[in-house]
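Understanding the architecture of this molecule
Take a look at the letters that make up each chain.
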Amino acid sequence: MIRTTALTKRYGRVTAVDDLHLHVREGDRYGFLGPNGSGKTTTVRMLLGLVLPTSGSVELFGERFQRDALVEVGALVEGPAFSAHLSGRDNLRLSDAAGPGGARATRRQRVEDVLEQVGLAGVDRRPVKAYSLGMRQRLGLASALLRKPRLLVLDEPTNGLDPQGIREVRDLLLQLNRDGTTVFLSSHLLSEVEALCTRIAVVDRGRLVLQDDLSAFQALTGLVEVRTPFAHRAATLLGERVDDLRSDGLLLVRHDDPAALNAELVGAGIPVTALHAQRRTLEAAVLSATGAGSDRVAAEPAAKPAA
Amino acid sequence: MIGVELRKLVRRPRTWMSIGLLALLPTIVAMFLAVRDVAPRPGTGPAFLSAVLDNGALFPAAALAIVLPLFLPIAVAVVAGDAIAGDAQDGTLRYLLIRPVGRTRLIVAKMIAVGAYTMLAVVVVAAVAYVVGTQLFGSAPLPSVSGTELSTTSATLRTVLTVLYVGWSMLGVAAVALFLSTLTDSPLAAALGAIALLITSGVLVALEAAAPVQPYLPTRYWLAFVDLFRDPVLTRDLLRGTALQAVYILVFLSAAWANFTTKDITS
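What you see is a predicted model, and the numbers here were worked out from it, not measured in a lab. The numbering scheme is per chain: residues are counted from 1 as the chain's sequence reads. Think of it this way: whatever chain is written first is A, whatever ligand is written first is 1, and the rest follow in order. Confidence filtering applies because this is a predicted model: local features only for residues at pLDDT of at least 70, side-chain atom pairs given and counted only at 80 or more, and all residues used for totals across whole chains, interfaces and linings.

As for the overall build of chain A
Elements are defined by DSSP. Helices are runs of H or I of four residues or more, strands are runs of E of two residues or more, and each kind is numbered from the N terminus. From N to C terminus, chain A includes 10 helices and 15 strands. Since a compact globule built from 307 residues should have a radius of gyration of about 19 Å, the 25 Å found for chain A marks it as more spread out than a globular shape. Expressed along its principal axes, the backbone C-alpha trace of chain A runs to roughly 75 × 70 × 40 Å. Three exposure classes are used. Buried residues have 20 or more other C-beta atoms within 10 Å of their own C-beta, exposed residues have 12 or fewer, and partly exposed residues fall in between, all C-beta atoms being placed from the backbone. Within the span of chain A, comprising 307 residues, buried residues form 37% of the whole. In this description, any two residues whose backbone-derived C-beta atoms lie within 7 Å of each other are considered to be in contact. Restricting to contacts in chain A with at least 6 residues of sequence separation, those with at least 24 account for 68%. For this measure, only C-alpha atoms enter the radius of gyration; the expected value for a globule follows 2.2 Å times N^0.38, where N is the number of residues.

Following this line, the structure appears as structure tokens:
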């Protein structure tokens, strides 16, 4: 659906996006993760033709980027934006009328459909300036859905939503994805990406540092976490196989088969209160691959005076 | 897209507020003249105003002369300066472009909407002034500035040409402001830039030392529409003014298009 080749954007001496190779397959729920200032938004803008790449190329739906292909893309970039003095419905109608691909006769129905989808069906004639942040976010999503897009490109779509709203948006995206829409989600929120996405790319300072299926990030570590009131007795029993005994009583055991380990402990008269195979977390993978957030500005080390 | 931009223009309270205020200013002037019955001495104050007391039919031209130096160009500069920069500031520009609306298409639609606003403002000012003028001062056969009498048809034609000439001059302002609007994400900066240019031009037009550049200054021939009421019409400055504004319009609209179709939209 999306493929970028050596995508690069320089602003003067600053390289915002550096040699990016992304590959989003049809049906993916693709998480584009990175700290603030890592070039996510610039990348999203290049995917949508708002910012022109310095070098490299973008392919949409298997063809070199053309503006007309955007008819099949719905997008939310850096927050929703509307004419504040018009109502949500009027904004959607104008937005629908502005672009190609929407027959006038069915416009009213399309607008009602997308409002229904995002949970704003009952919205009244108040102007958008009276909307809450969450309502604007939903309206932005509604606008993105007007053309029943094959691809959704969303930049921080749950910004400003309460937990209930975040859940609803996630459910909506899962539903759309089940119906065949590919979702590209750009976010700095690890939990959001982890909860929704099947495939994840991590950028840091404009460079791609990781790109893989979520399951690969969450591989088994080969350790089993065991909790028992008798951690020391258990550690003594297991001997060499113990990897670590944490001060909070968590026992880490190198073992392939949690069930067999459980049987062994219980057989030795040691009650087990909790036991499960440890997985790598996405957070650990991301943190090890990225440096400090690039909005953090550290002082340059003082230059040594010339000898 | 042109329809969408025109609809936005018509539904915007600002459009009608500004045009209302533009029409109000000459009306206030007319009321003072009617109540006090004291006309400015010939040769002082805005063009035609001294003659208006005797003949209300001259008031549209007088009204345009009243709003022309400052009020009208500022209103036009604000609306045209807002065209692209306003959408950029609201964030709606990026959503229009990914709808997708072609950039050329969008800027042409903006040009047409701005042109429609400009002409609408000029026509409303003239129309309101005609009604106010003929009601307050009555109408009589129009005397020309040269002293001869003009037929009603000829007078009407001259008033229509005045409206077109002033409108054309304002389109020059609109083109400059629209170009600046593609340069910045701040509608205020675009409007201010255009106004700054007009003020500079106004100062230089009045400065004898600047005589060599005066024929190229945008405000130089603005008041040439007075020549339409001479008999016969003195066309020299009118034609120069029309041609000069055509150059401004062409150059700045081309620059606006060239800049907008190749720039990174980071708003």
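Digging into the overall build of chain B
Each helix and strand in chain B was counted, giving 10 helices and 0 strands. Listing each helix as α and each strand as β along chain B from the N terminus yields α-α-α-α-α-α-α-α-α-α. Against the globule reference of 18 Å for 267 residues, chain B gives a C-alpha radius of gyration of 20 Å, in line with a compact fold. Residue burial in chain B is summarised as follows: out of 267 residues, 44% are buried. Partitioning the contacts of chain B with sequence separation of at least 6, the portion at a separation of at least 24 is 75%.

Things to note about the sheet that holds strand β8 (residues 151-155) of chain A
Within a sheet, neighbouring strands are paired by backbone hydrogen bonds and run either parallel or antiparallel to one another. Residue and element names in this part refer to chain A. Here we have 6 strands laid out as an open sheet, ordered β7-β8-β9-β4-β10-β11, and mixed in their pairing. Since the sheet does not close on itself, it has two edges, and those belong to β7 (73-76) and β11 (207-213), each with one partner. Pairwise comparison of adjacent strand axes, ignoring direction, gives a mean angle of 15° for this sheet. When DSSP finds two or more bridges between two strands, those strands count as paired. As defined by bridge partners, strand β10 (residues 199-204) adjoins β11 across 6 bridges and the pair is classed as antiparallel. Bridged to Arg-199 within β11 is Asp-213. Only the contacting stretch of a helix is used when fitting its axis, a line to C-alpha atoms as for every element, and angles between N-to-C directions run 0 to 180 degrees. On top of the sheet, helix α1 (residues 40-47) reaches β4 (29-33), β8, β9 (182-187) and β10; it is set at about 150° to β8, its chief contact.

A short note on the sheet that holds strand β12 (residues 220-227) of chain A
Residue and element names in this part refer to chain A. Pairing is antiparallel in the open sheet, where 4 strands are placed in the order β13-β14-β12-β15. For this open sheet the edge positions go to β13 (242-245) and β15 (274-279), each flanked by a neighbour on one side alone. Between one strand axis and the next, the sheet turns by 25° as a mean value, whatever way the strands run. Sheet topology places β12 next to strand β14 (residues 251-254); 4 bridges connect them, and they run antiparallel. Each bridged residue has a counterpart across the sheet, and for Glu-225 the counterpart in β14 is Leu-252. Against the sheet, helix α9 (residues 258-267) touches β12, β14 and β15, its axis set at about 150° to β15.

Topic: α1(A)
Residues and elements named next belong to chain A. By the criterion of burial, α1 is predominantly enclosed, with 8 of the 8 residues buried. Regarding α1, the residues found buried are Lys-40, Thr-41, Thr-42, Thr-43, Val-44, Arg-45, Met-46 and Leu-47. Just past α1, the residue Gly-49 takes up positive phi, approximately 75°.

Considerations on the packing of helix α5 (residues 71-90) of chain B against helix α9 (residues 187-205) of chain B
Residue and element names in this part refer to chain B. Running from amino to carboxyl end, α5 crosses α9 at an angle of 150°, the nearest separation of the two axes being 7 Å. Our classification of the angle between α5 and α9 gives roughly antiparallel. In terms of crossing hand, the pair formed by α5 and α9 is right-handed. Touching Pro-73, Ile-74, Ala-77, Val-78, Gly-81, Asp-82, Ala-85, Gly-86 and Gln-89 of α5 are Pro-187, Ala-190, Ala-191, Ala-194, Ile-195 and Leu-198, all from α9. Among the residues forming the contact of α5 with α9, the class breakdown is 11 nonpolar, 3 polar and 1 charged. Each angle gets one of four labels, with under 35 degrees taken as roughly parallel, over 145 as roughly antiparallel, 65 to 115 as roughly perpendicular, and the rest as oblique. By the definition used in this description, the sense in which the near helix is turned from the far one sets the handedness, with an anticlockwise turn below a right angle giving left-handed and a clockwise turn giving right-handed. Charged means Asp, Glu, Lys or Arg here, nonpolar means Ala, Val, Leu, Ile, Met, Phe, Trp, Tyr, Cys or Pro, and polar covers whatever is left, Gly included.

Re the environment of Phe61(A)
Among the structural elements, Phe61(A) can be located in the loop between β5 (55-60) and β6 (63-64). Look past the residues within four positions of Phe61(A) in its chain and what remains in contact with it is Met1(A), Ala69(A) and Glu72(A).

Quick look at the nonpolar core
In this usage, the nonpolar core is the set of buried Ala, Val, Leu, Ile, Met, Phe, Trp, Tyr and Cys residues whose C-beta atoms join them within 7 Å. If you look at the biggest cluster of nonpolar residues, it comprises 148 residues, and the most contacted ones within it are Phe184(A), Val125(B), Ala177(B) and Leu178(B). Broken down by element, the residue count for this core peaks at 16 residues, all from helix α7 (residues 103-137) of chain B. Other than its neighbours up to four places away in sequence, Phe184(A) contacts Ile2(A), Val24(A), Tyr30(A), Phe32(A), Leu151(A), Leu152(A), Val153(A) and Leu154(A). Of all hydrophobic cores here, the second largest spans 8 residues; its members include Val226(A), Ala234(A), Leu261(A) and Leu265(A).

Describing the confidence of the model for chain B
The pLDDT score gives, residue by residue, the confidence of the prediction method on a 0 to 100 scale. On average, residues of chain B score 91 in pLDDT, and 100% of them are at 70 or above. Scored by ipTM, the complex comes to 0.82, with pTM at 0.85.

A look at the pairing of β5(A)
Bridge analysis of strand β1 (residues 2-11) of chain A against β5(A) gives 5 bridges, and the strand direction is antiparallel. Within the sheet, the bridge partner assigned to Thr4(A) lies in β5(A) and is Val58(A).

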